[in-house]
Amino acid sequence: MYCFGCYIYSIFFFSYFFKAKRKAKKEDSLLWNKQSKSALKKYSLTIIIGFGILLILKNYGYINLLTPIFLCCYATLLFLLKSKNNNKLYVLIGLAILLALYCFMIPSYWYSSFTIMVIAHAAFGLVEKN
């Protein structure tokens, strides 16, 4: 579970980093500007808080709450790092929260919810790329 979360956050971070790098190169601006430093702070804070909560829940034996909390942290991360002109991410944020509620009510639904979230995120990326 932790490895999967680390992979997701790492992929999210590196995709965001390379997207920002391309955008900075296209606009002939600096990569580490005020906006990117702010995004890095938000990202780091969300990861530290999210994994801290997940670790505490695991240590107290609340294994069934790991996936809903992870999906809520993921939705928070999407909300914090969304750009001002891309309001379409609200669909992914809503889907992550909805799947978190399903996982909270049906704990065995965690694998399906991750699968649905990955497929939705990939489809969103393909649609937005064009």
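All values reported here derive from a predicted model rather than from experimental measurement.

What about the packing of aromatic side chains?
Counted under the stated rule, the structure contains five aromatic pairs. Between the aromatic rings of Phe 79 and Tyr 90, the centroid separation amounts to 6.3 Å while the plane-to-plane angle is 40°, which identifies the pairing as tilted. Of the two residues, Phe 79 sits in helix H3 (residues 66-81) while Tyr 90 sits in helix H4 (residues 89-105), which places them eleven residues apart along the sequence. The partly exposed category is assigned to Tyr 90, whose relative accessible area is 39%. Aromatic side chains Tyr 102 and Tyr 109 sit 6.0 Å apart centroid to centroid with 80° between the ring planes, which places their arrangement in the edge-to-face category. Residue Tyr 109 is classed as partly exposed on the basis of its relative accessible area of 25%.

Some words on helix H2 (residues 34-59)
Along its 26 residues, H2 runs 38 Å from first to last C-alpha, staying within 8% of the 38 Å computed at 1.5 Å per residue. Those residues of H2 not exposed but buried are Ser 36, Ala 39, Tyr 43, Thr 46, Ile 47, Gly 50, Phe 51, Leu 54 and Leu 57. Just beyond H2, the residue with positive phi is Gly 61, at close to 90°.

A short note on the side chain of Ser 113
Positionally, Ser 113 belongs in helix H5 (residues 110-129). The residues touching Ser 113, leaving out its near neighbours within four places in the chain, are Thr 67, Leu 71, Leu 99 and Cys 103.

Quick notes on the packing of H2 against H3
Direction vectors running N to C along H2 and H3 enclose 170°, while the axes themselves pass 10 Å from each other. With respect to their mutual orientation, H2 and H3 come out roughly antiparallel. Residues Ala 39, Lys 42, Tyr 43, Thr 46, Gly 50, Ile 53, Leu 54, Leu 57 and Lys 58 of H2 touch H3, and the partners they reach there are Leu 66, Ile 69, Phe 70, Cys 73, Leu 77, Leu 80 and Leu 81. For the contact of H2 with H3, the residue count by class is twelve nonpolar, two polar and two charged.

Rules used in this analysis
- Residues numbered from 1 in each chain as written.
- Predicted model: local features only at pLDDT ≥ 70, side-chain atom pairs only at ≥ 80, totals over all residues.
- Heavy atoms only, no water.
- Phe/Tyr/Trp six-rings, centres within 6.5 Å; stacked < 30°, edge-to-face > 60°.
- Helix = DSSP H or I, 4+ residues; strand = E, 2+ residues; numbered from the N terminus.
- Buried < 20%, exposed > 50% of the residue type's maximum accessible area, 1.4 Å probe, protein only.
- Expected span 1.5 Å × (residues − 1).
- Contact = heavy atoms within 4.5 Å.
- Axes fitted to C-alpha atoms, helices over the stretch in contact; angles between N-to-C directions.
- Parallel < 35°, antiparallel > 145°, perpendicular 65-115°, else oblique.
- Nonpolar A, V, L, I, M, F, W, Y, C, P; charged D, E, K, R; others polar.

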